[in-house]
Amino acid sequence: MTEVENQELVLPEHLDIWQQTMSWQPLPQQQASYQRLYTEILQGNRQLNLTRITEPNEFWEKHLWDSLRGIKCWLVADPGAEALFQENPFKVLDIGTGAGFPGIPVAVARPDWHVTLLDSTRKKIAFLDAVIATLGLTQVQTRVGRAEEVGQMAHHRAGYDLVLIRAVANASVCAEYAMPLLKLNGTAVLYRGQWLETETQALTAAVQQLGGKIDRIESFVTPFSQSIRHCIYLQKLKPTPAAFPRPTGVPTQKPL
Ligand code: SAH
């Protein structure tokens with residue numbers, strides 16, 4: 001290894017941008033965790049194809065900022081809820097987490113939440129197990145599996161308050177993966193790039209079949225590259241019919 005490769009790349013803080021865009025800032029220990037995560041991913045990238053986003057500012061924007069933008073409305077903890085959470089923790093699932101996005105930045109920002117990271121690729125989950133141990137994230141669990149299977153397991157079905165899903169499949173497929181896993185009144189966040197009105201129509205019909213509705217759509221641009229992003233918030237109104245999620249591969253082959 002050359003001396004340059006050995007140097008730790010420093011992740012920017014951009015506290016002013018966190019404040020302006022989210023009315024929130026990471027604490028010094030959270031910033032240290034994000035730095036550690038960045039370093040681990042750069043190292044992991046040598047063996048595994050984890051991410052193409054490796055430059056410090058780009059990592060900050062596309063992985064950290066973007067992950068937390070989806071939970072902006074939950075970023076500032078409600079102090080009264082803390083006692084409640086100790087008995088009945090807020091349960092979060094990240095479907096198709098890959099290198100841990102958005103789940104790990106979310107878990108660092110909200111250490112009172114119980115976060116489960118799901119991915120069908122065993123190697124990625126093994127990498128994440130090591131990252132979680134290094135970061136000391138005791139409230140984070142991992143699971144190797146497919147959303148189609150986990151969504152039919154009694155232990156997971158209707159077991160989560162919040163389901164996050166970024167860059168996994170088209171929107172109605174994401175809805176089919178996420179909705180069965182939500183508790184009644186729970187929220188699913190679909191992280192999307194561009195979004196068209198025609199997509200809203202198609203998704204509305206799919207989400208209705210799954211027992212929910214589109215609660216709201218937030219449109220925004222990322223702070224540096226000014227890329228357009230959307231977060232689609234789904235709310236579960238009634239139990240999802242037992243037929244969903246359909247068997248592995250069917251949701252992508254025949255999207256609702
Ligand atoms: N969410 C991450 C990774 C996106 S890549 C990010 O935004 O950076 C998509 C990931 O989803 C891959 O790691 C892939 O293994 C996983 N995946 C795809 N289909 C899946 C399914 N049906 N169930 C579980 N994981 C799935």
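This text gives an overview of the structure that appears in the document. (Residues numbered from 1 in each chain as written. Predicted model: local features only at pLDDT ≥ 70, side-chain atom pairs only at ≥ 80, totals over all residues. Heavy atoms only, no water.)

Attention now moves to the sheet that holds strand 5 (residues 182-192). Reading across the sheet, the seven strands line up as 3-2-1-4-5-7-6 and stay open at both edges, with mixed pairing between neighbours. The open sheet terminates on both sides in strands that have one partner only, identified here as strand 3 (140-144) and strand 6 (212-221). Strand after strand, the sheet turns through a mean of 20° between neighbouring axes, direction not considered. Inspection of the sheet shows strand 6 paired to strand 7 (residues 228-236) by nine bridges, in the antiparallel sense. Paired with Phe220 across the two strands is Arg229, which belongs to strand 7. Set on the sheet, helix 4 (residues 56-69) makes contact with strand 4 (160-166), strand 5, strand 6 and strand 7; between it and strand 6 the angle comes to about 140°. Strand contacts of helix 9 (residues 171-178): strand 1 (91-95), strand 4, strand 5 and strand 7, with the helix running at about 150° to strand 5, the strand carrying the most contacts. (Pairing = 2+ DSSP bridges. Helix = DSSP H or I, 4+ residues; strand = E, 2+ residues; numbered from the N terminus. Axes fitted to C-alpha atoms, helices over the stretch in contact; angles between N-to-C directions. Contact = heavy atoms within 4.5 Å.)

Axis separation between helix 2 (residues 15-22) and helix 4 bottoms out at 12 Å; the angle between their running directions is 35°. Every pair of crossing elements has a handedness; the one defined by helix 2 and helix 4 is right-handed. Together, Ile17, Trp18, Thr21 and Met22 of helix 2 and Trp60, Leu64, Trp65, Leu68 and Arg69 of helix 4 make up the contact between the two elements. (Left-handed = near helix turned anticlockwise from the far one by under 90°.)

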